[in-house]
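Given next are the chains, with one letter for each unit.
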Amino acid sequence: MVAFGKKLKERSIQEWQGYYINYKLMKKKVNQYGRQLQGGNLERRQVLKDFSKMLDNQIEKVALFMLEQQGILASRLQRLRESHDALQEEPEISHIAYLKEGYRAVGQDLLKLLFFVEMNAIGVRKILKKFDKRFGYRFTNYYVKTRANHPYSELQQVYKHVGLGAVVGAVSRNLHELQNNQGSYLSIYDQPVLPLQDPVVDSIKAAVDRLTHSTNFLNFMAQHAFIMQQELPSPQDEEEAVEEDRRYHFMSLLLNLVNTFLYMVNTYIIVPTADDYSMSLGAAATVCGVVIGAMAVAQLFSSVYFSAWSNKSYFKPLIFSSIVLFIGNLLYALAFDFNSIAVLLFGRLFCGLGSARAVNRRYISDCVPLKIRMQASAGFVSASALGMACGPALAGLLQTRFKIYKLTFNQNTLPGWVMAVAWLMYLVWLAISFREPALEPEESHSTSKDSNNSGMSKRISDIRYSKPRDRIRIIKLWITQVQLLIYFMLKYAMEILLSESSVITTYYFGWSTSSVAIFLACLGLTVLPVNIVIGSYISNMFEDRQILLVSEIMVCVGILFSFNVLVPYTVPQYVCSGLIMFVSAEVLEGVNLSLLSRVMSSRLSRGTYNGGLLSTEAGTIARVIADVTITVAGYFGRDMLLNVTLLPSLVTCVVSIVATCFTYNSLY
């Protein structure tokens with residue numbers, strides 16, 4: 001990878017050369033501070049003071065130049081505005097063309113300024129990250145927090161590009177008016193979704209989107225998918241960009257998202273009827289925990305071999321997954337006529353062995369261009385959430401009974417039959433439409449190994465400065481373990497709530513299968529609205545660690561409120577506590593995976609044992625233990641089931657809250 005200092009020098013606008021941040025100087029200073037601290041010639045407080053002052057001066061230089069250029073653009077726009085006003089009195093075609101060219105010229109210069117801002121914003125982030133990595137400080141958080149919200153902040157000019165929005169709006173609006181000068185009185189504010197049909201405006205919009213990278217909502221949604229994103233939208237070489245686009249195929253991406261949706265439907269479609277199905281085969285109602293959890297047990301193994309298989313192919317694992325899921329659902333449906341709980345469990349195990357979520361994640365991470373990877377990741381989460389809601393809802397619609405020959409179709413077997421047909425149809429669509437992406441050449445792997453070996457001498461030379469880095473690794477390892485504990489806790493709590501819902505509501509309230517299905521579907525439908533609120537609003541007001549702790553506390557409140565003690569258990573208590581627990585756990589999942597992606601090693605972004613696989617395995621283990629807990633708790637009787645299963649949830653939740661408080665209080 002080309003060093004950023006060299007990139008900055010090559011890509012900077014020559015006439016503005018002296019106004020960019022001096023990345024080379026700051027990098028040199030960081031190395032100098034390292035040597036002085038190692039030799040005991042400098043105190044930490046002095047390093048922070050000197051580096052802060054130097055960075056303030058560099059940002060001030062950039063911000064003042066931006067203001068100067070904005071003023072020049074504003075003056076040109078003002079003169080064009082005066083000419084535009086005169087045009088209203090005496091319209092002339094030649095004058096309209098002149099004004100268009102004038103606004104386009106301003107737009108071209110605005111593009112240069114936007115690129116200037118982008119390069120400096122990347123430079124500031126890079127040097128802050130390098131400083132933290134070298135010395136093991138949390139300097140970035142301190143610096144951004146103290147500067148970004150200050151009323152006289154110059155950092156806002158760089159990161160929030162204050163004032164540039166008005167220039168962008170003026171160019172876009174006036175070009176739109178000039179293009180629609182034939183009797184239309186609507187502006188871009190009246191019809192903001194209409195394309196402006198001007199290359200300059202399209203380029204400006206792309207530059208602004210690149211500068212802001214993506215919306216907060218898409219970022220927040222993508223964290224649920226835990227598909228590793230590059231920290232910055234670093235400009236790629238032309239050949240790499242062409243290769244990335246060549247590998248991308250929209251229909252193949254859509255097939256991966258449909259696979260995700262169908263698998264989640266398959267997971268939750270049996271939840272409302274699992275207890276009734278178990279009893280019809282002569283087992284206890286609480287055996288539903290084993291029936292539901294069998295799929296998760298098999299997924300522990302399937303995630304690993306599917307992740308490894310995706311190193312060589314995406315098409316073959318998806319074909320295999322569809323066939324195995326078809327067979328698994330067929331066995332699940334036939335278990336009723338065989339009157340065999342063993343066939344039922346084998347059916348669910350087969351369904352788990354067909355879990356291709358590791359392939360779906362890997363395809364998005366490796367084969368979707370960076371410019372739309374965030375949207376694809378958000379689509380992965382949306383497909384999962386929709387499947388979670390549609391599964392129970394579909395089960396609620398399958399309330400009928402009939403026979404064809406010797407095959408029984410009822411509320412217990414129909415989920416299996418419906419999903420078997422769905423996977424068969426998906427298999428045909430997959431065989432026709434999926435395009436296998438070209439695999440990366442083996443040389444790239446060997447090259448990366450060679451580069452790792454060539455970097456060994458550099459790492460050896462840095463050993464004497466490695467103590468702060470070792471400290472960072474230890475801190476990151478500890479935070480990773482805490483975040484995985486939180487992820488385990490929230491998945492355990494959610495699985496307890498969902499898997500035992502049918503047994504609990506039937507025992508306490510006498511709910512029918514349809515009522516349980518509606519309740520679970522409503523829970524699933526809260527996922528997207530909650531993520532929109534958190535991603536678009538709450539995350540802008542509070543830090544991730546604050547949202548994390550509050551969400552954990554709210555999960556704990558939901559669990560405590562769910563216990564059945566003293567007073568008679570009521571529907572409002574169950575529904576409200578379940579809603580608090582589920583919504584809080586959804587919020588917690590997004591924030592937790594966001595923090596986890598920041599501390600987890602970048603080596604886990606690709607390969608068989610990637611970050612997505614690690615988080616999947618942690619969540620799957622939690623689900624397996626939760627489902628086993630439900631079955632074991634059933635031996636204490638249905639009247640004790642609720643409290644016995646909630647107790648481990650409460651303990652793990654309290655432990656995770658304590659670990660979070662200890663970790664982030666120590667760091668901050």
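Residue positions are given per chain, counted from 1 along the sequence in the order it is written. In view of the model being predicted, local features appear only for residues whose pLDDT reaches at least 70, and side-chain atom pairs are presented and counted only at 80 or more, with totals across whole chains, interfaces and linings using the full set of residues. Side-chain measures here rest on the full set of heavy atoms in the structure, leaving out hydrogens and waters.

Looking at an unreviewed UniProt entry, the protein chain carries the name SPX domain-containing protein, with the source organism given as Brassica carinata. UniProt positions are given in the numbering used here, feature names are shortened, and annotations may be inferred rather than shown by experiment. Under the UniProt heading Sequence similarities (unreviewed entry), the note attached to the protein chain is "Belongs to the major facilitator superfamily." According to its UniProt record, the protein chain has this under Subcellular location (unreviewed entry): "Membrane".

Regarding its fold elements, the protein chain presents 28 helices and two strands. A burial count over the protein chain gives 50% of its 668 residues as buried. Surface accessibility follows the Shrake-Rupley procedure with a 1.4 Å probe radius. Residue values consider only the protein chains on display as shielding. Carbon together with sulfur atoms contributes 62% to the accessible area of the protein chain, which is approximately 31500 Å² in total. Helix numbers and strand numbers start at the N terminus; a helix is a DSSP run of H or I with at least 4 residues, a strand a run of E with at least 2. Throughout this description, buried means an accessible area under 20% of the type-specific maximum (1.4 Å probe, protein chains only), exposed means over 50%, and partly exposed covers the range between.

With that settled, the discussion passes to helix α16 (residues 357-367). Counting buried positions along α16 gives eleven out of eleven residues, so the element sits mostly inside the fold. Regarding α16, the residues found buried are Arg357, Ala358, Val359, Asn360, Arg361, Arg362, Tyr363, Ile364, Ser365, Asp366 and Cys367.

On to the side chain of Thr408, then. On the secondary structure map, Thr408 appears in strand β2 (residues 407-409). In this structure Thr408 comes out as buried when scored by relative accessible area, which is 3%.

In predicted models, pLDDT denotes the confidence assigned by the predictor to each residue on a 0 to 100 scale. Per-residue confidence for the protein chain averages 79 on the pLDDT scale, and 75% of its residues sit at or above 70. Element-level pLDDT for the protein chain is lowest in helix α20 (residues 456-461), with a mean of 38, against a maximum mean of 96 in helix α18 (residues 414-433). Ignoring residues within four places in sequence, the model shows residues 182-196, a span with pLDDT below 50, making 15 contacts including any to other chains. A contact between two residues is defined here by any heavy atoms of the two lying within 4.5 Å. Across residues 230-241, confidence stays below pLDDT 50; counting only partners more than four residues off in sequence or on other chains, it has 16 contacts.

Across the interface, helix α11 (residues 250-268) lies against helix α15 (residues 341-353) with an axial gap of 11 Å and an inter-helix angle of 155°. Taken together, the axes of α11 and α15 are roughly antiparallel relative to one another. Classified by chirality, the crossing of α15 by α11 is left-handed. Where α11 approaches α15, its residues Tyr263, Asn266 and Thr267 are matched on the opposing element by Arg348, Cys351 and Gly352. Each residue is assigned to one class: nonpolar for Ala, Val, Leu, Ile, Met, Phe, Trp, Tyr, Cys and Pro, charged for Asp, Glu, Lys and Arg, and polar for all the others, Gly among them. Classifying every residue of the contact of α11 with α15 by side-chain character gives two nonpolar, three polar and one charged. Axis definition: a line fitted to C-alpha atoms, over the contacting stretch in the case of helices. Angles run 0 to 180 degrees between N-to-C directions. By definition in this entry, angles of less than 35 degrees are roughly parallel, angles greater than 145 are roughly antiparallel, angles of 65 to 115 are roughly perpendicular, and the rest are oblique. Crossings are sorted by hand: turned counterclockwise from the far helix by less than a right angle, the near helix makes the crossing left-handed, and turned clockwise it makes it right-handed.

Bringing a nonpolar patch on the surface into the picture now. A cluster of nonpolar residues, Val628, Val632, Tyr635, Phe636 and Met640, forms a patch on the protein surface that exposes about 550 Å² of accessible area. Structurally, Tyr635 is set in the loop between α27 (611-633) and α28 (638-667). Patch members must show over 30% relative accessible area and no salt bridge, and they are joined within 9 Å when carrying like charges or within 5 Å when they are nonpolar side chains of Val, Leu, Ile, Met, Phe, Trp or Tyr. The rule for a salt bridge is simple: a side-chain nitrogen of Lys or Arg has to be within 4 Å of a carboxyl oxygen of Asp or Glu.

In this section: helix α25 (residues 544-562). Taking 1.5 Å as the rise per residue, α25 with 19 residues should run 27 Å; its terminal C-alpha atoms sit 27 Å apart, in good agreement. Buried within α25 are the following residues: Asp544, Ile547, Leu548, Ser551, Glu552, Val555, Cys556, Gly558, Ile559 and Ser562. The span one expects for a helix is its residue count, reduced by one, times 1.5 Å.

Attention now goes to the packing of aromatic side chains. Pairing of aromatic rings covers Phe, Tyr and the six-membered ring of Trp, with a centre-to-centre limit of 6.5 Å; geometry is then stacked below 30 degrees between planes, edge-to-face above 60, and tilted otherwise. Counted by the stated rule, this structure contains 30 aromatic pairs. With centroids separated by 4.9 Å and ring planes inclined at 40°, the aromatic side chains of Tyr305 and Phe306 adopt a geometry described as tilted. Using a relative accessible area of 30% as the deciding quantity, one classes Tyr305 as partly exposed. We classify Phe306 as buried; its relative accessible area is 0%. Seen from their ring centres, Phe519 and Tyr574 are 5.5 Å apart, and the 40° between their planes marks the pair as tilted.

Attention shifts here to unusual backbone geometry. In this model, Asn339 sits at a positive phi of 50°, which is unusual for a non-glycine residue. Counting through the fold element by element, Asn339 comes out in the loop between α14 (315-338) and α15. For Tyr405, which is not a glycine, the phi torsion comes out positive at approximately 55°.

Running from N to C, α14 and α18 point in directions that differ by 160°, and their axes come no closer than 8 Å. It follows that α14 is roughly antiparallel to α18 by the angle criterion. Pair α14 / α18 crosses with left-handed handedness. Packed against α14, whose contacting residues are Phe315, Leu318, Ile319, Ser322, Ile323, Leu325, Phe326, Asn329, Leu330, Tyr332, Ala333 and Leu334, the element α18 presents Pro415, Gly416, Trp417, Met419, Ala420, Trp423, Leu424, Tyr426, Leu427, Leu430 and Ala431 at the interface. Considered class by class, the residues forming the contact of α14 with α18 number 20 nonpolar, three polar and no charged.

Moving on, we get to the pattern of salt bridges. Scanning the entire structure with this criterion turns up five salt bridges. Its salt-bridge partner being Lys112, residue Glu15 comes within 3.1 Å of it at the nearest N-O pair. Separated by 97 residues along the polypeptide, Glu15 in the loop between α1 (4-11) and α2 (23-38) and Lys112 in helix α4 (residues 93-135) bring together distant segments of the chain. Asp109 is the partner of Arg76 in a salt bridge, and the nearest nitrogen-oxygen pair spans 2.5 Å. One end of the pair, Arg76, is in helix α3 (residues 44-89); the other, Asp109, is in helix α4, with 33 residues separating them in the sequence. What makes Arg76 partly exposed here is its relative accessible area of 23%.

Looking at the secondary structure, you find Lys130 in helix α4. On a C-alpha basis, the gap between Lys130 and Val30 in space is 8.1 Å, while along the polypeptide they are 100 residues apart. Residue contacts for Lys130: discarding those within four places in its chain leaves Tyr23 and Lys27.

In this description, a nonpolar core means a group of buried Ala, Val, Leu, Ile, Met, Phe, Trp, Tyr and Cys residues linked to one another through side-chain atoms lying within 4.5 Å. The biggest cluster of nonpolar side chains holds 101 residues, and the ones touching the most others in it are Val555, Ile559 and Phe582. For this core, the leading source of residues is helix α21 (residues 467-499), giving 13 residues. Excluding residues within four positions of it along the chain, Phe582 makes contact with Met388, Met494, Leu497, Leu498, Leu523, Gly524, Thr526 and Val527. With 47 residues, the next largest nonpolar core counts Tyr23, Ile96, Met119 and Val201 among its residues.

With that out of the way, let us pick up the environment of Met54. Here Met54 shows up in helix α3. Using a relative accessible area of 12% as the deciding quantity, one classes Met54 as buried. Through-space distance from the C-alpha of Met54 to that of Asn22 is 10.0 Å; in sequence the pair is 32 residues apart. When sequence neighbours within four positions are dropped, the list of residues in contact with Met54 reads Met26 and Lys29.

This part is about the environment of Gly387. For Gly387, the position within the fold is in helix α17 (residues 370-397). Sequence separation between Gly387 and Ile269 is 118 residues, and the spatial gap between their C-alpha atoms is 9.1 Å. With near-sequence residues (within four places) excluded, Gly387 lies in contact with Phe261, Met264 and Val265.

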